[in-house]
Amino acid sequence: MNPQTASAEILRLFTLAPVIPVLTIEDAASAAPLARALVAGGLPVLEVTLRTPTAPDAIRAMARVPGAVVGAGTVITPEDAITARDAGARFAVSPGATDRLLDACETGGLPLLPGAATASEAMRLSERGYHVQKFFPAEAAGGPDTLRAIGAPLPKLRFCPTGGITAQNAPDYLRLANVACVGGSWIAPVDAIAAQDWDRIERLARDAAALPRA
Ligand code: 3PG
């Protein structure tokens with residue numbers, strides 16, 4: 001899959017909801033009910049980070065939930081890309097980008113949302129054909145002001161800021177012209193998952209799904 005096609009597919013997924021929950025799952029048994037709660041709350045696009053041994057099983061379980069579109073996050077190496085694809089991930093997200101990772105996702109047909117935090121990183125990815133990127137770590141890299149400033153000389157790029165986004169600051173990003181959606185873990189707090197408090201997670205998802213976009 002070429003980068004232009006990958007970015008177009010990622011942008012299409014971004015139209016489904018203003019927020020992508022970033023999920024780190026310790027217990028595969030919680031994957032399906034968690035996905036059901038998020039989909040019921042209006043957030044169908046889910047990112048499962050490859051940070052726990054259960055992540056591939058969690059992706060498999062969530063992918064079977066009706067309406068869920070499940071991708072893999074924290075995809076760092078070519079091996080991660082293969083793990084993600086074999087688990088059924090429909091897309092991959094990386095905090096940054098390397099040529100080896102880009103090659104692996106393009107060869108493997110896995111749409112990638114690659115990360116950038118500076119104008120040079122964004123330009124390099126754009127040169128290769130990735131016009132949709134993750135702005136990471138969003139808050140630490142300067143927040144909405146930085147992303148707005150990057151957008152002035154690079155107006156064709158679209159971003160999903162992630163890293164430090166909350167229900168409170170998400171609107172500051174979503175009103176930017178170059179932001180398509182935001183990603184974050186606030187919708188599925190670790191304590192709520194541990195307590196299997198799916199109602200609370202559905203409520204958080206519902207609030208997030210109602211956030212307005214530019
Ligand atoms: C991450 O890589 O952990 C994501 O960017 C989510 O960040 P957050 O936990 O600050 O929302």
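As a reminder, the structure under discussion sits directly above these lines.
Everything quoted here is computed from the prediction, not taken from an experiment.

Some remarks on the overall build of the chain
If you tally the helices and strands in the chain, you get 10 helices and nine strands. Here the chain has a C-alpha radius of gyration of 16 Å; the compact-globule value for 214 residues is 17 Å, and the two agree. By its C-alpha atoms, the chain is 45 × 35 × 25 Å across when sized along the principal axes. The burial tally for the chain puts 53% of its 214 residues in the buried class. A fraction of 59% describes how many contacts in the chain between residues 6 or more apart in sequence connect residues 24 or more apart. With an accessible surface of roughly 9,100 Å², the chain has 54% of that area assigned to carbon and sulfur atoms. Averaging the positions of the 19 positive and the 21 negative side-chain charges in the chain gives two centres separated by 5 Å.

Some remarks on the site of the ligand
Within the structure, the ligand sits among Val22, Arg51, Lys134, Phe136, Thr162, Gly163, Gly164, Gly184 and Ser185. Taking arginine 51, its side chain carries an N or O atom lying 2.6 Å from an oxygen atom of the ligand. Backbone polar atom of glycine 163 to an oxygen atom of the ligand: 3.5 Å apart, as the coordinates give it. Taking 310 Å² as the accessible area of the ligand by itself, protein coverage stands at 77%. Here the residues of the shell around the ligand are counted per class, giving two nonpolar, five polar and two charged.

Regarding the pattern of salt bridges
In this structure the tally under the stated criterion is 10 salt bridges. Across the pair arginine 128 and glutamate 106 runs a salt bridge, and its minimum N-O distance is 3.0 Å. Within this pair, whereas arginine 128 is found in helix 6 (residues 119–128), its partner glutamate 106 is found in helix 5 (residues 99–108), the two being separated by 22 residues in sequence. Linking arginine 200 and aspartate 191 is a salt bridge whose minimum nitrogen-to-oxygen distance equals 3.3 Å. Since its relative accessible area comes to 49%, aspartate 191 is described here as partly exposed. Counted as one network, the salt bridges with shared partners bring together Asp99, Asp103, Glu106 and Arg128.

Some points on the pairing of strand 8 (residues 158–161)
Relative to strand 8, strand 7 (residues 132–135) is paired through four bridges, and the arrangement is parallel. Within the sheet, the bridge partner assigned to valine 132 lies in strand 8 and is arginine 158. In this region the chain leaves strand 7, passes through helix 7 (residues 143–151) and returns to the parallel neighbour strand 8; the handedness of that crossover is right-handed.

A short note on the environment of alanine 55
Assignment of secondary structure puts alanine 55 in helix 3 (residues 55–63). For the pair alanine 55 and glycine 73, spaced 18 residues apart in sequence, the C-alpha to C-alpha distance is 9.6 Å. Apart from the residues lying within four places of it in its own chain, the contact partners of alanine 55 are Val48, Thr49 and Leu50.

Details of helix 7
Taken together, the buried positions of helix 7 are occupied by Gly143, Pro144, Leu147, Ile150 and Gly151. One face of helix 7 carries all of its buried residues, which in axial projection span an arc of 125°.

Re the sheet that holds strand 7
Sheet architecture is open: three strands sit in the order 6-7-8, paired in parallel fashion. The sheet is open, and its two borders are formed by strand 6 (115–116) and strand 8, each paired with just one other strand. Along the sheet, helix 1 (residues 3–14) contacts strand 7 and strand 8; its crossing angle with strand 7, the most-contacted strand, is approximately 65°.

Examining the nonpolar core
Within the largest apolar cluster, 64 residues are counted, with the highest numbers of intra-cluster contacts made by Leu34, Met62, Val182, Trp186 and Ile201. No other element matches the six residues that helix 2 (residues 31–40) contributes to this core. If we ignore the near neighbours within four places in the chain, the residues touching leucine 34 are Leu23, Ile25, Met62, Ala188, Ile193, Trp198 and Ile201. In terms of nonpolar packing, the next biggest core, distinct from the first, is built from 13 residues, Leu13, Phe14, Val132 and Cys181 among them.

Conventions and cut-offs
Residues numbered from 1 in each chain as written. Predicted model: local features only at pLDDT ≥ 70, side-chain atom pairs only at ≥ 80, totals over all residues. Heavy atoms only, no water. Helix = DSSP H or I, 4+ residues; strand = E, 2+ residues; numbered from the N terminus. Rg over C-alpha atoms; globule rule 2.2 N^0.38 Å. Buried < 20%, exposed > 50% of the residue type's maximum accessible area, 1.4 Å probe, protein only. Contact = heavy atoms within 4.5 Å. Areas by Shrake-Rupley, 256 points an atom, 1.4 Å probe, with all protein chains shown as cover. Lys, Arg positive; Asp, Glu negative; His and termini not counted. Charge placed at Lys NZ, Arg CZ, Asp CG, Glu CD. Near = heavy atom within 4 Å. Polar contact = N/O pair within 3.5 Å; in protein donor to acceptor, adjacent residues only side chain to side chain. Nonpolar A, V, L, I, M, F, W, Y, C, P; charged D, E, K, R; others polar. Salt bridge = Lys/Arg side-chain N within 4 Å of Asp/Glu carboxyl O. Pairing = 2+ DSSP bridges. Right-handed = clockwise from strand over helix to strand, strands pointing away. Arc of directions from axis to C-beta. Axes fitted to C-alpha atoms, helices over the stretch in contact; angles between N-to-C directions. Core = buried A, V, L, I, M, F, W, Y, C linked by side-chain atoms within 4.5 Å.

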